[in-house]
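Remarks on the overall topology
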Amino acid sequence: MDHNLSHTISLLTRTPATLNALLRDLPEMWTLRTEGENTWSALDVVGHLIHGERTDWMPRTRMVLQFGETKAFEPFDRWGQEQESEGKSLGQLLDEFARLRSENLSDLRALNLRQEDLGRLGRHPSFGVVTLSELLATWAAHDLTHLHQISRVMAHQYREAVGPWSAYLGVLQCAGHSSS
């Protein structure tokens, strides 16, 4: 499927409400536990999404539009949420994520991007030349990756409790990466 900006925005708009419905007011057993050492909890993932809203998607979009491929994006700190989340409750993080996402999508819509804008080039510090379309499509796929991750981390808490049914629960067989 080709990238479609209106479809991307449609998905990105739903992520905060999805996370809110899934996570708000759950016992900490669901939201603070991880899959083991150097893996993330649901709270960590929400913090990571906030960090991305502040430092990744729209800042990079603006860089593509302003500098093209002449200036590389700042490298993304994949552990930057540790400072973003410090001392905050999950409810506070969910509210902050919803606010930042709403602001970013409002800013994205205000750019009035045309099809030819989506083909504009930027420079990723590791991948080299990328298009604005690829960046925006990645924003949506990134959300889906972390929704999947949260589901997997939460299911992991019952990996032993489900007994033999674990053989039929794909979420318990997934070997995804918790910190990405």
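Numbering of residues starts from 1 in every chain and runs along the sequence as written. Only residues with pLDDT of 70 or above have their local features reported here, since the model is predicted, and side-chain atom pairs are shown and tallied only from 80 upward, although totals for entire chains, interfaces and linings are computed over all residues. Computation of side-chain values: all heavy atoms of the structure, hydrogens and water removed.

Some points on the overall build of the chain
Where helices and strands are cited, they refer to DSSP runs of H or I of at least four residues and of E of at least two residues respectively, numbered from the N terminus. Check the secondary structure of the chain and you find nine helices and two strands. Over its C-alpha trace the chain gives a radius of gyration of 17 Å, about what one expects of a compact globule, namely 16 Å for 180 residues. Principal-axis analysis of the C-alpha atoms gives the chain an extent of 55 × 35 × 30 Å. Categorising residues by exposure relies on relative accessible area from a 1.4 Å probe, with only protein chains included: less than 20% of the type maximum marks a residue as buried, more than 50% marks it as exposed, and the intermediate range marks it as partly exposed. Within the chain, the proportion of its 180 residues that are buried is 42%. For this analysis, residues touch if any pair of their heavy atoms sits within 4.5 Å. Counting only contacts in the chain whose residues sit at least 6 apart along the sequence, the fraction spanning at least 24 positions is 74%. If you sum the accessible surface of the chain, you get close to 9900 Å²; carbon and sulfur atoms cover 52% of it. With 17 positive and 23 negative side-chain charges, the chain shows a spacing of 3 Å between the two charge centroids. The atom set for the radius of gyration is the C-alpha atoms, and the globule formula is 2.2 Å times the number of residues raised to the power 0.38. The Shrake-Rupley method, run with a 1.4 Å probe, gives the accessible areas here. Residue values count only the displayed protein chains as cover. Asp and Glu are treated as the negative residues and Lys and Arg as the positive ones, with His and the ends of the chain left uncounted. Each charge is placed at NZ for Lys, CZ for Arg, CG for Asp and CD for Glu.

Some points on the packing of helix H6 (residues 90–110) against helix H8 (residues 132–156)
Contact geometry for H6 and H8: axes closest at 14 Å, N-to-C directions at 155°. Taken together, H6 and H8 sit at an angle that is classed as roughly antiparallel. Of the two possible hands of crossing, H6 and H8 adopt the one that is left-handed. Facing H6, whose interface residues are Arg101, Asn104, Leu105 and Leu108, H8 presents Leu136, Trp139 and Asp143. Throughout this entry, Asp, Glu, Lys and Arg are counted as charged residues, while Ala, Val, Leu, Ile, Met, Phe, Trp, Tyr, Cys and Pro are counted as nonpolar. The remaining residues, Gly among them, count as polar. Class assignment of the residues belonging to the contact of H6 with H8 gives a composition of four nonpolar, one polar and two charged. An axis is simply a line fitted to the C-alpha atoms; with a helix, the fit covers only the stretch in contact. Between two such axes, the angle follows the N-to-C directions and lies from 0 to 180 degrees. Comment on the angle field: the value is read as roughly parallel under 35 degrees, roughly antiparallel over 145, roughly perpendicular from 65 to 115, and oblique elsewhere. Handedness of a crossing follows from how the near helix is turned relative to the far one, being left-handed for an anticlockwise turn of less than a right angle and right-handed for a clockwise one.

Observations regarding unusual backbone geometry
The phi torsion at asparagine 38 lies on the positive side, around 60°, for a residue other than glycine. For asparagine 38, the location among the structural elements is in the loop between helix H2 (28–31) and helix H3 (42–55). With a phi angle near 50°, asparagine 112 is a residue other than glycine that sits in the positive phi range. You can see asparagine 112 is positioned in the loop between H6 and helix H7 (115–118).

Comments concerning the pattern of salt bridges
Within this document, salt bridges are pairs made up of a side-chain nitrogen of Lys or Arg and a carboxyl oxygen of Asp or Glu, the two lying within 4 Å of each other. Inspection of the entire model under this criterion finds twelve salt bridges. Taken together, the shared-partner salt bridges in this structure form one network comprising Glu53, Arg101 and Asp143.

Side note on a nonpolar patch on the surface
Exposure above 30% relative accessible area and the lack of any salt bridge qualify a residue for a patch; like charges then connect within 9 Å, and the nonpolar side chains Val, Leu, Ile, Met, Phe, Trp and Tyr within 5 Å. A cluster of nonpolar side chains, namely Trp165, Tyr168, Leu169 and Val171, defines an oily patch on the protein surface of about 480 Å² accessible area. Along the chain, the position of tryptophan 165 falls in the loop between H8 and helix H9 (170–173).

A few points about the side chain of serine 85
By the secondary structure assignment, serine 85 is in helix H5 (residues 81–85). For serine 85, a relative accessible area of 9% corresponds to the buried category. Beyond its immediate chain neighbours, meaning those up to four positions away, serine 85 contacts Leu43, Gly47 and Leu93.

Observations concerning the layout of surface pockets
For the largest pocket, the calculated volume is near 450 Å³. Any residue with an atom within 4 Å of a point lines the site, the site being either a cavity, points on a 1 Å grid over the protein atoms alone where a 1.4 Å probe fits but cannot get out, or a pocket, an open set with protein on both sides within 12 Å along at least 5 of 7 lines. What lines the largest pocket is a set of 18 residues, among which Asp56, Arg60, His124, Phe127 and Thr138 lie closest to the centre. Broken down by secondary-structure element, the contributors of at least two residues to the lining of the largest pocket are H3, helix H4 (57–67), strand E2 (128–131) and H8. Counting residues per element, the lining of the largest pocket draws most heavily on H8, at five residues. Of the residues contributing to the lining of the largest pocket, the split by class is five nonpolar, nine polar and four charged. Grid points are joined across faces, edges and corners, and a volume is the space filled by probe spheres set on the points.

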